[in-house]
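Here are the chains, one letter per residue:
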Amino acid sequence: MFAFKPLLEMPRKEAFAVAAAVVAAMGYTIIALGWLPHMTIIAAITALLVYGLLRGLKYEDMQRGMVASLSQSMGAVYLFFFIGLMVSALMMSGSIPTLMYYGFGFISPEYFYLSAFVLSSLIGVSIGSSLTTCATVGVAFIGMGEAFHADLAMTAGAIVSGAFFGDKMSPLSDTTGISASIVGIDLFEHIKNMAYTTVPAWILTALFTGWLLPAAAANNLNSTAVFRQQLEASGLVHAYSLIPFALLVVLAVRRVNAVVAMIATIAVSVAITYLHSTPDLAKLGGWFYSGFSLEGEFDKIGKLVSRGGLESMFFTQTIVILGLSLGGLMFSLGIIPSLLEGMRRFLTTAGRATASVAATSVGVNVLIGEQYLSILLSGETFKPVYDKLGLHPRNLSRTLEDAGTVINPLVPWSVCGVFIANALGVPVLNYLPYAFFCYLSLILTLLFGWTGLTLSKK
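Residues numbered from 1 in each chain as written. Predicted model: local features only at pLDDT ≥ 70, side-chain atom pairs only at ≥ 80, totals over all residues. Heavy atoms only, no water.

Per an unreviewed UniProt entry, the recorded name for the protein chain is Sodium:proton antiporter, and the organism is Neisseria elongata subsp. glycolytica ATCC 29315. As stated in UniProt under Subcellular location (unreviewed entry), the record for the protein chain gives "Cell membrane". The heading Sequence similarities (unreviewed entry) in the UniProt record of the protein chain holds the text "Belongs to the NhaC Na(+)/H(+) (TC 2.A.35) antiporter family." (UniProt positions renumbered as here; feature names shortened; annotations may be inferred.)

Written as structure tokens, this is what we have:
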């Protein structure tokens, strides 16, 4: 995937030892020491640079590898800018507050987690972006969860499950398109084949969220009424405020570029804002940079609707840059190529191939924290193996999604994990046990791989 070969031909045992040391150190510093992921990744990059220098490499060559990796996914960095702007716009226009207002009125505490999962699934499929779903509908459900005195970790788990179902199955999703294109099959053929693992995973998740998780406290509906009253008093709740959401869905269905769709949504949101408010340009600039801020005494909803802005994305954007740089450095040093090549040599059955692709996708997510690289690296490495075994490439693309796309939000230092934890205010390790859909997809793809169920030959 890079334009140059690794700088080192690293023996497999050495590559495994270095990779294991990096993962162990990152896990220890984040979990045991409580470091922010930025510090952990910087420390890993520094250690690997020193390792490369001791092996006789030049810093400039290693830096070139980091830059090459970063250039592959700069679109994600730009996307985060516009997500921050869009969240502010949807707040000031009343889109998210209005959705929260109606949600408080129609969602029953007894089936709150199921409601969060189903609605997030529908929105996710409609717009094809898990992160956008979490940043909009997800934020609204977290607010509702606080009102219902629901468990926020369970709420976040339901949101993440639904959002990544949508990201996985939507024809508008980047990861879905990449998975199909990297193995050379039709997009809708890929989506249809994913249904064998995805539909059972969705049904089981619905059962778990609807009947396994405890109901929210129904006797706290009075606090829900207070939320609705304050939302209505804020002047942000209007039926027409849902127009930006509708526009975003329409543009996504018409396959308009995500950034272009966000720009249009932001423009319409700003226009709608002036139907119920008259902020000057100075205030608009402040909201777009620092996030929308609700003025007045609104103790219940103040923190919920005061969100968004470019500044809120800086944390995520910097970790994306660092994470991709770490991945490029590990590729340049020959660590990742050696591990992948070592796995590829011993694949003689469909079960082993499926397990190896899944292990590689999960491993790249853990090592690098980037779902695009987990799909690209695994897809490019194992496509010849599937050809040799006579397996249809759609089996490979399905496994890439089941073990790559949906696992990224379960890694605390990953791009999706950091973004979602920041957007929802719930740490990854807290919501991880309740993101049923994500690890059910992985379990089912492994089960079908070893049993041969739904696997197709060429």
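Participant: I tried to follow the packing of helix α8 (residues 152–169) against helix α21 (residues 415–424) on my own but got confused; where do I start?
Facilitator: When two helices pack together, their arrangement is given by the angle between the helix axes and the distance between those axes. It is at 12 Å that the axes of α8 and α21 come closest, and there the two elements cross at 130°. Taken together, the axes of α8 and α21 lie oblique to each other. Judged by the twist between their axes, the crossing of α8 over α21 is right-handed. Facing α8, whose interface residues are Ala156, Ile159, Val160 and Phe164, α21 presents Cys416, Ile420 and Leu424. Taken together, the residues of the contact of α8 with α21 break down into seven nonpolar, no polar and no charged. (Axes fitted to C-alpha atoms, helices over the stretch in contact; angles between N-to-C directions. Helix = DSSP H or I, 4+ residues; strand = E, 2+ residues; numbered from the N terminus. Parallel < 35°, antiparallel > 145°, perpendicular 65-115°, else oblique. Left-handed = near helix turned anticlockwise from the far one by under 90°. Contact = heavy atoms within 4.5 Å. Nonpolar A, V, L, I, M, F, W, Y, C, P; charged D, E, K, R; others polar.)

Participant: I keep staring at the packing of aromatic side chains and nothing clicks. Help me out?
Facilitator: To describe a pair of aromatic rings, you give the distance between the ring centres and the angle between the ring planes. Evaluated as defined, the whole model comprises eleven aromatic pairs. Measuring from ring centre to ring centre gives 6.1 Å for phenylalanine 165 and tryptophan 202, while their planes differ by 55°; the resulting arrangement is tilted. Of this pair, phenylalanine 165 sits in helix α8 while tryptophan 202 sits in helix α10 (residues 187–212), and the two are 37 residues apart along the sequence. With centroids separated by 6.0 Å and ring planes inclined at 65°, the aromatic side chains of tyrosine 289 and phenylalanine 314 adopt a geometry described as edge-to-face. Here tyrosine 289, found in helix α14 (residues 281–290), pairs with phenylalanine 314, found in helix α16 (residues 314–332); they are 25 residues apart in sequence, far enough to count as distant. A relative accessible area of 38% places tyrosine 289 in the partly exposed class. For phenylalanine 314, a relative accessible area of 30% corresponds to the partly exposed category. Following the ring pairs from residue to residue traces out a cluster consisting of Phe117, Phe165, Trp202 and Phe437. When the ring centre of tyrosine 101 is taken as reference, the NZ or CZ atom of arginine 228 above it lies at 4.2 Å. (Phe/Tyr/Trp six-rings, centres within 6.5 Å; stacked < 30°, edge-to-face > 60°. Buried < 20%, exposed > 50% of the residue type's maximum accessible area, 1.4 Å probe, protein only. Lys NZ or Arg CZ within 6 Å of the ring centre and 35° of its normal.)

Participant: Teacher, can you tell me more about the packing of helix α18 (residues 350–368) against helix α20 (residues 393–405) here?
Facilitator: Contact pair α18 / α20: the axes reach a minimum separation of 8 Å and the direction vectors enclose 40°. One finds that α18 runs oblique with respect to α20. The two elements α18 and α20 meet at a crossing, and its hand is right-handed. Facing α18, whose interface residues are Thr354, Val357, Ala358, Ser361, Val362 and Asn365, α20 presents Leu396, Thr399, Leu400, Ala403 and Gly404. Counted by class, the contact of α18 with α20 contains six nonpolar, five polar and no charged residues.

Participant: Explain the side chain of threonine 29 here, please?
Facilitator: Residue position: threonine 29 is located in helix α1 (residues 12–32). Here threonine 40 takes part through its side chain, which lies 2.9 Å from a polar atom of the side chain of threonine 29. Once you skip the residues sitting within four places of it in the chain, threonine 29 turns out to touch Gly34, Trp35 and Thr40. (Polar contact = N/O pair within 3.5 Å; in protein donor to acceptor, adjacent residues only side chain to side chain.)

Participant: Could you clarify how one ought to interpret the domain arrangement of the protein chain in this entry?
Facilitator: A common way to state how big an interface is: give the accessible area lost once the parts meet. As assigned here, the protein chain comprises domain 1 (12–73 + 315–451) and domain 2 (74–311). Contacts between the two partners involve 47 residues from domain 1, matched on the other side by 51 residues from domain 2. Contact between domain 1 and domain 2 buries roughly 4,200 Å² in total, counting both sides, with carbon and sulfur atoms accounting for 75%. At the boundary of domain 1 with domain 2, the tally comes to twelve residue pairs in polar contact (both at pLDDT 80 or more). (Domains from an automatic or database assignment. Buried area = accessible area lost by both parts, 1.4 Å probe.)

Participant: Please clarify how the nonpolar core should be interpreted in this entry.
Facilitator: Within soluble globular proteins, side chains that are nonpolar generally end up buried alongside one another. Leu48, Ile83, Ile335, Phe419 and Ile420 are the most contacted members of the largest nonpolar core, which has 147 residues in total. The element best represented in this core is helix α4 (residues 74–92), accounting for eleven residues. Among the domains, domain 1 (12–73 + 315–451) and domain 2 (74–311) are the pair contributing at least three residues each to this core. Excluding anything up to four places from it in sequence, isoleucine 335 contacts Met10, Ala15, Val18, Ala19, Leu48 and Met330. (Core = buried A, V, L, I, M, F, W, Y, C linked by side-chain atoms within 4.5 Å.)

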